[in-house]
Structures are given as structure tokens and as C-alpha cells.
Amino acid sequence: MTEKRHGADNEPIFSLRGVRYVYNRRQVALDGIDLDIFRGEQIALLGANGSGKSTLLKLLDGILAPTEGTMRALGRNIAAVAAGQDAFRFHREVGLVFQDPDVQLFSPTVLDDVAFGPLHLGLPSDEVKARCDEALALMEATHLAPRAPFELSGGEKKRAAIASVLSLRPEVLLLDEPTAALDPRTKWVLVNLIRNLGHAGKTIITATHELDIVPIIADRAIVLGEERCILADGPAEAILADRELLIRANLIHEHLHPHGVCSYSHHAGVP
Ligand SMILES: Nc1ncnc2c1ncn2[C@@H]1O[C@H](COP(=O)(O)OP(=O)(O)O)[C@@H](O)[C@H]1O
Ligand SMILES: [Mg+2]
């Protein structure tokens, strides 16, 4: 990791300095974000509801531009990408999977949704097919190809939505609360699929407040506090072990640990 992050020829793929984002000129969502993200990292973006996780993912995806501060992504100025400049090519390299799969799935069948990006790139049909087969296989969703998105279960929709982004073969995958509202079995199936994508070399940034999935999907964790800035950034293991930090970030509740006798891992279910 140290080597990955500090190698001389290894520029960060995302670099944020003093980034602030304000909605409607008054709702501060992020304030003073300094952050470097390197190729091949697996990062958990942790924070309570409203701490700015989705906003940060939208900035990384070039959907939003910072209100203040500077931000570069894959060698580009993100403000230019957000203004539409080179946005199409940028989104071949960076893909965001929204929290709500219904935002991502809009075609009559799953296959149409997964093929949408590659078709839009104007790729030949055998290449489109190869990419769809690959993306569906990665999400163990091959059997879902002919199904209508609206008739899928929550977990199936999630896998279809991720496949629809993977078919562009992005280098960076941004996942917004991928396990929200899934039952435990479905959740762990998905978590394992995400881990496999990471092992295959993708850069993956997952926003979540579910601490039990963090050791599986991330080696680095970034904690956003309720003050809308970064409270901590470091090895996931160390962050998960820092109870005071997690309480401060509203990721665990103090009243669950009234006597200080139970270890953090016991309560949060971290293996
Ligand atoms: N479209 C919006 N308009 C106004 N305020 C918003 C909008 N989206 C998010 N916010 C505000 O920005 C803050 C951060 O929100 P968000 O990035 O969605 O956090 P998270 O994903 O961690 O729950 C919250 O205070 C939220 O109310
Ligand atoms: Mg969110």
C-alpha cells in the first residue's frame, strides 16, 4: 500500500484540495476536503447519513463540480468534466453505481441496460456482446439478462445495475451504499462480488455506513464527520479499531457499550 501510494511514477488518479460543496448556495455538504486516491486502491468511504458520502461520489464521478477548491481526476480538471467537456470519455473510465438501482435501470431488459453503454460507444456488435457477457458474469447475473428490471429482487437489481456500469470496463468503480436494504445472504453475495472486482485490479470506492463489510471490500477507510470534513483517513483495520472515532462519526452508538467491557468487534460484527 505504501509503495502503491508513494511510488515516484504513481500520480494520484483523484486529487482534491480544499474542496467545498454547497447545495443551493446554503446547504454545506462538504467542507475542506483534501484527498488523494491512487490507482488500484480499495476504499471505504464511511460516514453517517448526511455526512456527504453521496456528494463526494458525485464529485469523483464529475457529475458535480466543487463550489470551492481544486480537484483533478484522471488528469482532467473535474470542473471541466462537470461542465460537459470530455465527459463521455471520462465516464468510460469512471462509473458510479447509484444507491437506488431504479435510477440506473431504465430498459425493457437487463441485457438492454448492460448493452446500453457499449452500444453508445459505437462498438461492433461482437465486442458489445463480449462486454455484456463479461459484465453479467462478473456479477453472476447471466441468467438475469432477459428479465425486466422491474421484476427483479433488490439484490438482483443491484447486480444488474453494477453490470450496466461494468460493461464500459471503467478503471474506477464508485459504489453508493451497495448493500443498503439487502437481506444478509444477498448482502454477503454482493460483498464477495465486489471483493472479486477489487482483486481483479479495479479501483473501487464504496460509500457505506455498514462497518461489517469494510474489512472485505476495503484496505483503506476515509471517515466523513458530521462537520462535513474528513475525520480520519488510513488503513481500514486501524480505523475500525478506533471506537472513539467511530462514535464521534456516529457510526456506532456509545450506549451499546455502557461498561466498556465488550470489544468493538463483538458489537459491530467485524470478523
Ligand atoms: N440535492 C440536494 N439539495 C440540497 N441539499 C442536499 C442535496 N443533496 C444532499 N444535500 C445535503 O447535503 C448533505 C450531504 O448529503 P449526502 O451527500 O447525500 O450525504 P450522505 O450520502 O452521506 O447521506 C446533507 O446535509 C444533505 O441534506
Ligand atoms: Mg448517500
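Residues numbered from 1 in each chain as written. Chains lettered and ligands numbered in written order. Predicted model: local features only at pLDDT ≥ 70, side-chain atom pairs only at ≥ 80, totals over all residues. Heavy atoms only, no water.

Provide a residue-level description of the site of ligand 1, including the pertinent values.
Residues in close proximity to ligand 1 total 13 residues, the closest being Gly50, Gly52, Lys53, Ser54 and Thr55. Within the contact set of ligand 1, an oxygen atom lies 2.7 Å away from a backbone nitrogen or oxygen of Gly50. At 3.2 Å, a backbone N or O of Ser51 approaches an oxygen atom of ligand 1. Protein chains bury 66% of the 550 Å² of accessible surface belonging to ligand 1 in isolation. Breaking the shell around ligand 1 down by element, the ones donating at least two residues are β2 (27–37) and α2 (53–60). (Near = heavy atom within 4 Å. Polar contact = N/O pair within 3.5 Å; in protein donor to acceptor, adjacent residues only side chain to side chain. Areas by Shrake-Rupley, 256 points an atom, 1.4 Å probe, with all protein chains shown as cover. Helix = DSSP H or I, 4+ residues; strand = E, 2+ residues; numbered from the N terminus.)

Could you give me a rundown of the sheet that holds strand β10 (residues 230–235), with the residues and numbers involved?
The strand order β6-β7-β8-β3-β9-β10 describes an open sheet built from six strands, whose pairing is mixed. Two strands close off the open sheet at either side, each with one partner strand: β6 (94–97) and β10. Strand-to-strand, the axes of this sheet are offset by a mean angle of 15 degrees, without reference to chain direction. Where strand β7 (residues 172–176) meets strand β8 (residues 203–208), five bridges bridge the pair, whose relative direction is parallel. Along β8, the bridge assignment pairs Val172 with Thr203. (Pairing = 2+ DSSP bridges. Axes fitted to C-alpha atoms, helices over the stretch in contact; angles between N-to-C directions.)

Before we move on, could you go through helix α7 (residues 125–138) and cite the residues and values that matter?
Look at α7: 20 Å from first C-alpha to last across 14 residues, which is about the 20 Å you get at 1.5 Å a residue. Of the positions making up α7, those classed as buried are Val128, Arg131, Cys132, Ala135 and Leu136. Taken end-on, α7 shows its buried residues confined to a sector of 125 degrees, consistent with a single buried face. Seen from the buried face of α7, the exposed residues on the opposite side, beyond 90 degrees, are Asp126 and Lys129. (Expected span 1.5 Å × (residues − 1). Buried < 20%, exposed > 50% of the residue type's maximum accessible area, 1.4 Å probe, protein only. Arc of directions from axis to C-beta.)

Please provide a residue-by-residue account of the pairing of β10, values included.
Looking at chain direction, strand β9 (residues 220–224) and β10 are connected through five bridges and run antiparallel. From the neighbouring strand, Ala221 faces β10, where its bridge partner is Gly234. Hairpin geometry of β9 and β10 is characterised by an intervening segment of five residues between the two adjacent antiparallel strands and by a positive phi of about 70 degrees at Arg228.

So what's going on with the pattern of salt bridges? Which residues, and what values?
In the structure shown here, the tally under the stated rule is 18 salt bridges. A salt bridge links Asp86 to Arg76, with the shortest nitrogen-to-oxygen separation between them at 2.9 Å. Residue Asp86 is located in the loop between α3 (78–82) and α4 (87–93), and its partner Arg76 is located in strand β5 (residues 76–77); the two are separated by ten residues in the primary sequence. The class of Asp86 is partly exposed, set by a relative accessible area of 30%. Judged by relative accessible area, Arg76 falls into the buried class, the value being 15%. Glu210 is paired through a salt bridge with Lys187; the nearest N and O atoms lie 2.7 Å apart. Of the two residues, Glu210 is situated in the loop between β8 and α10 (214–217) and Lys187 in helix α9 (residues 184–199); the sequence distance between them amounts to 23 residues. By the burial criterion, Glu210 is buried, and Lys187 matches it. One network of salt bridges, with partners in common, ties together Arg76, Asp86, Arg89 and Glu93. (Salt bridge = Lys/Arg side-chain N within 4 Å of Asp/Glu carboxyl O.)

All quantities given are derived from atomic positions and should not be read as evidence of function.
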